[in-house]
Amino acid sequence: MDLSQGVLAGDRLTLARTLSQVENGTDEGKLALSELFSHTGKAHLVGVTGASGTGKSSLVNQLARYYRNPVKGVSEPAKVASISTKRASGPAKGASISTERASGPSQGVEPRRVAIVAVDPTSPFTGGAILGDRIRMRDLAGDSGVFIRSMATRGSLGGIASATAAVVQVLDAAGYDLILIETVGAGQSEVDIARLAHTTIVVEAPGLGDDIQAIKAGILEIADVLVVNKADLPGVENTERALRGSLNLAHPLPHRFMHHGKLEVVSGQPMSPDASETIWVPPILRTVALDGTGIPKLADAIANHRAHLEATGGWEQRERGRLQTELDLLLTNRLVESFRARLPAGAYERVLVDMQERRISPSQAVEKLVDGARDMK
Amino acid sequence: MSDRKIRVLIAKPGLDGHDRGAKVVARALRDAGMEVIYTGLRQTPEMIAEAALQEDVDAVGLSILSGAHMALVPRVLELLKANGQDRVRVFLGGIVPDEDVPLLLKMGVIGIYGPGTLSDTYVNDIRKTVMAAQP
């Protein structure tokens, strides 16, 4: 059976099997990927990352529900309605439905086909894994416009699996126009998602650390949208303030404040007049994923970020960066493989023994192997 | 044994809330090097079949302590078949009366593992039948 044709025809079982072949790196999978590649590049890839227990899976569940049903997808009709009424300042057509629709994704009110790739860690000792993200996504069951796939990291340390990019490509080719990629519970440096996604959402929750955590390098730097989830818990103001303080250092904007009873004005970073249009300042949003509070605003922020990328050329730039990362990785693997295949039998092992006995250093070992291979020709 | 990863879905259909057994089995399969997709409580047969399809699993483990196994298990088997997933192996844990065991095995369940089963028993059974069905 031809995998790629089944995927393009929308056959879900073939899609699932293709994803396995691609994840396992089989020849069948590689062939399918190559055949499907020309059909990719259409989906909006949205990464969702953050520490364990911040509510990433629940947030992904609510977001997908909202995209599938922009009007009543969120399980909190009263609040959603009041937010959307406030925001719809344009000439209302009178009908309450049109006011509510104003809060839907700005791409239009068409329900979008959503794929979810949820990554959980593989045990470094046994190679096994518990993939538990579906537990929070039961609301999406029975909707044929949603496809959820769990992945184990299989030894990869950057927060996603090394095959995640390829799995996402297959889902893109299958016609899912929004792909939510949930990383493993990521602490500080699992930033690979930023190289894969167009839009990266970093999820925080109250009570996870002080403002020093917020100025450390790493995960906060990759955020296009910052979410403080569990915003119904105490401490949400402190978390938000720490994040805002950290963001202000990265994107100094003019602001005024009272200091010892005196009004201080800080002019912010000198900017050219059009710079404010090219710089994206990550919004900080509060959500409660359990009941859906704040989800419409989060969807708006995701749509705004996409519009920003498209207006500033950032979309192409990220596409290019992503493809380059993929090319470099594949090239490196392939070159190492073919280089080792060309080495005379035992050369690699001999150099390894020399190193172990401290006769040569690791960099001398590389010199020796590379020079040796060159002399052979 | 090849180094192909065995993927197993662990689900609790029906209305009882006793999920300790399902979690212990999930953990044991993880420690045996399998990838376990855990779906949690109160799944319908339709939800289980859909998850098994999307995740392209090799086996499905059902934990039932409510006594509804003679209604739920055939339904899950039927839906898996309807989805073209005949090769997915189904095993059962929980409380199953002895007289139902032969009936369930006849339906195609590969094993029924009640309280006190050693984890090696079902780990080996799953590995053997999955590898036999699709190496």
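It should be noted that the structure appears before, not after, this text.
Attention here is on the structure that accompanies the text. (Residues numbered from 1 in each chain as written. Chains lettered and ligands numbered in written order. Predicted model: local features only at pLDDT ≥ 70, side-chain atom pairs only at ≥ 80, totals over all residues.)

Let's talk about the overall build of chain A
Helices and strands together make up the secondary structure of chain A, namely 15 helices and 10 strands. Of the contacts formed within chain A by residues at least 6 apart in sequence, a portion of 72% connects residues at least 24 apart. (Helix = DSSP H or I, 4+ residues; strand = E, 2+ residues; numbered from the N terminus. Contact = placed C-beta atoms within 7 Å.)

A few points about the sheet that holds strand E4 (residues 146-152) of chain A
Residue and element names in this part refer to chain A. Pairing is parallel across the open sheet formed by 7 strands, whose spatial order is E4-E2-E5-E1-E6-E7-E10. Edge positions in the sheet fall to E4 and strand E10 (284-286), since each has one partner strand and no second. With direction set aside, neighbouring strand axes in the sheet form an average angle of 20°. Alignment of strand E6 (residues 199-204) against strand E7 (residues 225-228), held across 4 bridges, turns out to be parallel. Following the sheet pairing, Glu-204 is matched in E7 by Val-228. Its contacts with the sheet place helix H4 (residues 56-68) against strand E1 (44-50), strand E2 (114-120), E4, strand E5 (178-182), E6 and E7, and it is angled at close to 175° to E5. (Pairing = 2+ DSSP bridges. Axes fitted to C-alpha atoms, helices over the stretch in contact; angles between N-to-C directions.)

A closer look at helix H12 (residues 295-312) of chain A
Residues and elements named next belong to chain A. Here H12 spans 26 Å end to end across 18 residues, near enough to the 26 Å set by a 1.5 Å rise per residue. Taken as a whole, H12 has its buried residues at Ile-295, Pro-296, Leu-298, Ala-299, Ala-301, Ile-302, His-305, Arg-306 and Leu-309. Immediately beyond the C-terminal end of H12, within one or two residues, lies Gly-313, with a positive phi of roughly 80°. (Expected span 1.5 Å × (residues − 1). Buried ≥ 20, exposed ≤ 12 C-beta atoms within 10 Å, placed from the backbone.)

Regarding helix H3 (residues 69-82) of chain B
Because each turn of an α-helix spans 3.6 residues, side chains separated by three or four positions in sequence point in the same direction. All names here are of chain B. Across its 14 residues, H3 extends 20 Å between first and last C-alpha, which sits within 8% of the 20 Å expected from 1.5 Å per residue. Looking at H3, one finds that the buried residues are His-69, Val-73, Val-76, Leu-77 and Leu-80. The arc that holds every buried residue of H3, seen down its axis, measures 95°, which confines them to one face. Contacts from the buried residues of H3 go to helix H2 (45-55), strand E3 (59-64), strand E4 (89-94) and helix H4 (101-107). Looking one or two residues beyond H3, the residue adopting positive phi is Gly-84, at roughly 85°. (Arc of directions from axis to C-beta.)

A word on the pairing of E2(A)
Residues and elements named next belong to chain A. With 7 of its 7 residues buried, E2 lies for the most part within the structure. Going residue by residue along E2, you find Val-114, Ile-116, Ala-118 and Asp-120 tucked away on one face and Ala-115, Val-117 and Val-119 tucked away on the opposite face as well. One ladder, built from 7 bridges, connects E2 with E4; its direction is parallel. Residue pairing in the sheet places Ile-116 in a bridge with Ile-148 of E4.

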